[in-house]
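# A look at the structure
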Amino acid sequence: MIRVSKAALLLMLTLAVPAAAQDDRIDELERKVDVLTQEIEGLRLGVAADTSASLSRYGFAPAASKVYGVTRGVTIGGYGELLLEKFDREREDDAPSNRIPQLDYLRNILYVGFKFDDRLLFNSEIELEHAVVGEGQGGEITLEFAYLDYLWRPAFGLRAGMLLVPIGLVNEWHEPPVFIGTRRPDVEQRIIPTTWRANGAGIFGQLPSGFAYRAYLTEGLDATGFTAGSALRDGRQSGSRSKLTHPAVSGRLDYEGLAGLLIGVSGYRGDSWQDAQPADTLLSPRTTLFDVHARVQYLGLEARALAVFGQLEDAADLSDHLGLAGQSRLGGRFHGHYVEAAYDVAPLLRPGASWALLPYARFERYDTQEDVSGGPENPANERTTITAGLGVKPHPNVILKLDRQSRRNVAETETSQWNVQLGYLY
């Protein structure tokens, strides 16, 4: 078995360089050590190392990180998920739900990257959703991200293109074998509008102290798409002919200094009015989103927690201008939180098992419409979801999940459901 520490590699490479040139080449040596460490880990772990969670880089999920692990040339990766949703016949208030079962090839993703040299690389994600694209079919092909990185040194790099906004735990880390549950957390869809992408540029890096950061200047949200039920979600411009009247800033800071631990904060702020000002008022709906998050991996346990808080300034004037009345008016605040955990019990049932057996559970609560001015809050927008299920992994990169989602809201109009997901990454 090959075991060479990163520090030992760095020392050997440093001693091989003439003393007069060491200062000029230390950054290049650090980058080469990172590459060598990955290659040695790949030899030690075998094929599964290509997409091992330990090889995720700069905040991206394992398959999306593949381009960082090669010395030159093209990389190909991807993921996909098939989702069955079986809805209850009755809502929580015993009224008919009128929802039929649905089987959807939800996503098939292709990652394409190219590493030009030790410093410069390109990475992209191309997504096919709902299997069929065409008039009336409901599917779509989208560019989830496409960016260039200039890796000046591990602690500082430049990034530009279509970027994933660095908010929350799922937006940058959303491959099915990686996230817990058949469906992404509701909080990270309704409050944090995952998947959230935007054109822009910024900086990123991993510091020797164990901290990692990303900070971007991007297109802002478009407030004409805001709704009481989905908050910011329909305000995403998604990099397509984006209006740039008011750009936005976003960023995150994570501590990853201990194996298996990630704890951090992330935030977003920007004026979301992108059109010409109306004649009768001055709109400035500044949007702020802030979250704290944590992820712990220890032996067979993985646990995650997140709390997110949002504020929409000028919500009353914006609601008036958009013609939103009554319970449809926008809230000045929105928030949510969840905790979830999964544990691999296969080693307890059969020591040395090659498969993983993962019972999991999640509790989440969120409200997309709070502090409404000029109208009542809609009680249907204050929701609670409890998810419990089981995942089976015949391979680290392939998973089958079954879960039950018990859904509630204050208006008692939610519909609970059963879900089955087949997911993979490569």
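Residues numbered from 1 in each chain as written. Predicted model: local features only at pLDDT ≥ 70, side-chain atom pairs only at ≥ 80, totals over all residues. Heavy atoms only, no water.

Attention now moves to the overall build of the chain. Looking only at helices and strands, the chain has five helices and 16 strands in total. Out of the 426 residues belonging to the chain, those deemed buried represent 47%. Look at the contacts in the chain between residues 6 or more apart in sequence, and 62% of them connect residues 24 or more apart. (Helix = DSSP H or I, 4+ residues; strand = E, 2+ residues; numbered from the N terminus. Buried < 20%, exposed > 50% of the residue type's maximum accessible area, 1.4 Å probe, protein only. Contact = heavy atoms within 4.5 Å.)

On to helix α4 (residues 315-322). Of all the positions in α4, only Ala315, Leu318 and Ser319 are classed as buried. Taken down its axis, α4 places every buried residue within 100° of arc, on the same side. Contacts made by the buried residues of α4 are with β11 (301-312) and β12 (331-343). Phi turns positive one or two residues past the end of α4, at glycine 323, with a value near 75°. (Arc of directions from axis to C-beta.)

Bringing the environment of glutamate 140 into the picture now. Tracing the chain through its elements places glutamate 140 in strand β4 (residues 140-153). A sequence separation of 13 residues divides glutamate 140 from glutamate 127, and the C-alpha atoms of the two residues are 8.0 Å apart. Excluding residues that lie within four positions of it along the chain, glutamate 140 makes contacts with Glu127, Leu128, Glu129, Val132 and Val133.

Alignment of strand β8 (residues 248-255) against strand β9 (residues 261-271), held across eight bridges, turns out to be antiparallel. Following the sheet pairing, aspartate 254 is matched in β9 by glycine 264. With antiparallel pairing between neighbouring strands as the criterion, β8 and β9 make up a hairpin whose turn holds five residues, including glycine 260 at a positive phi of roughly 85°. Pairing of β9 with strand β10 (residues 286-298) involves 11 bridges; the strand directions are antiparallel. (Pairing = 2+ DSSP bridges.)

What follows covers the packing of aromatic side chains. Under the definition given, this model contains 12 aromatic pairs. When the centroid spacing of 5.1 Å and the interplanar angle of 50° are considered together, the rings of tyrosine 58 and tyrosine 68 count as tilted. In this pair, tyrosine 58 sits in the loop between α2 (22-45) and β1 (73-87) while tyrosine 68 sits in the loop between α2 and β1, placing the two residues 10 residues apart along the sequence. Classification of tyrosine 58 by relative accessible area gives buried; the value is 8%. Centroid distance tyrosine 79 to tyrosine 111: 6.0 Å. Interplanar angle 50°. Geometry classified as tilted. Within this pair, whereas tyrosine 79 is found in strand β1, its partner tyrosine 111 is found in strand β2 (residues 102-115), the two being separated by 32 residues in sequence. No difference in accessibility class separates tyrosine 79 from tyrosine 111, as the two residues are buried. An aromatic cluster is defined as three or more aromatic residues linked by ring pairs; in this entry it consists of Tyr58, Phe60, Tyr68, Tyr79, Tyr111, Phe145, Tyr147 and Phe204. Over the face of the ring belonging to tyrosine 147 we find arginine 159, whose NZ or CZ atom lies 4.9 Å from the ring centre. Just above the ring of tryptophan 173 sits the side chain of arginine 295; from NZ or CZ to the centre is 4.2 Å. (Phe/Tyr/Trp six-rings, centres within 6.5 Å; stacked < 30°, edge-to-face > 60°. Lys NZ or Arg CZ within 6 Å of the ring centre and 35° of its normal.)

Attention now goes to the nonpolar core. Ranked by internal contacts, the top residues of the largest apolar core, which has 29 residues, are Phe226, Tyr268, Leu289 and Leu318. Of all the secondary-structure elements, those providing two or more residues to this core are β9, β11, α4 and β12. A total of three residues in this core trace back to one element, the largest contributor, which is β11. The contact partners of leucine 289, leaving out residues within four places of it in the chain, are Ile167, Ile191, Ile192, Trp196, Leu232, Ser266, Gly267, Tyr268, Val308, Phe309, Gly310 and Phe334. Of all hydrophobic cores here, the second largest spans 21 residues; its members include Val67, Tyr79, Tyr111 and Leu121. (Core = buried A, V, L, I, M, F, W, Y, C linked by side-chain atoms within 4.5 Å.)

So, on to the side chain of glutamate 172. Turning to its location among the elements, glutamate 172 is positioned in the loop between β5 (156-164) and α3 (187-190). Taking relative accessible area as the criterion, glutamate 172 reaches 6% and is therefore assigned buried. With residues near it in sequence (within four places) discarded, glutamate 172 still touches Gly59, Phe60, Ala61, Leu164, Val165, Pro166, Arg214 and Arg252.

Under the counting rule described, the total for this entry stands at five cavities of 30 Å³ or more. In this structure, the second largest cavity encloses a volume near 50 Å³. Taken together, Phe226, Thr227, Ala228, Ala231, Leu232, Leu312, Leu330, Gly331, Phe334 and Thr368 form the lining of the second largest cavity. When its residues are assigned to classes, the lining of the second largest cavity shows seven nonpolar, three polar and no charged. (1 Å grid on protein atoms, 1.4 Å probe; cavity = no way out; pocket = protein on both sides within 12 Å on 5 of 7 lines; lining within 4 Å. Points joined across faces, edges and corners; volume = space filled by probe spheres on them. Nonpolar A, V, L, I, M, F, W, Y, C, P; charged D, E, K, R; others polar.)

In short, shape yes, function no, at least from these values alone.
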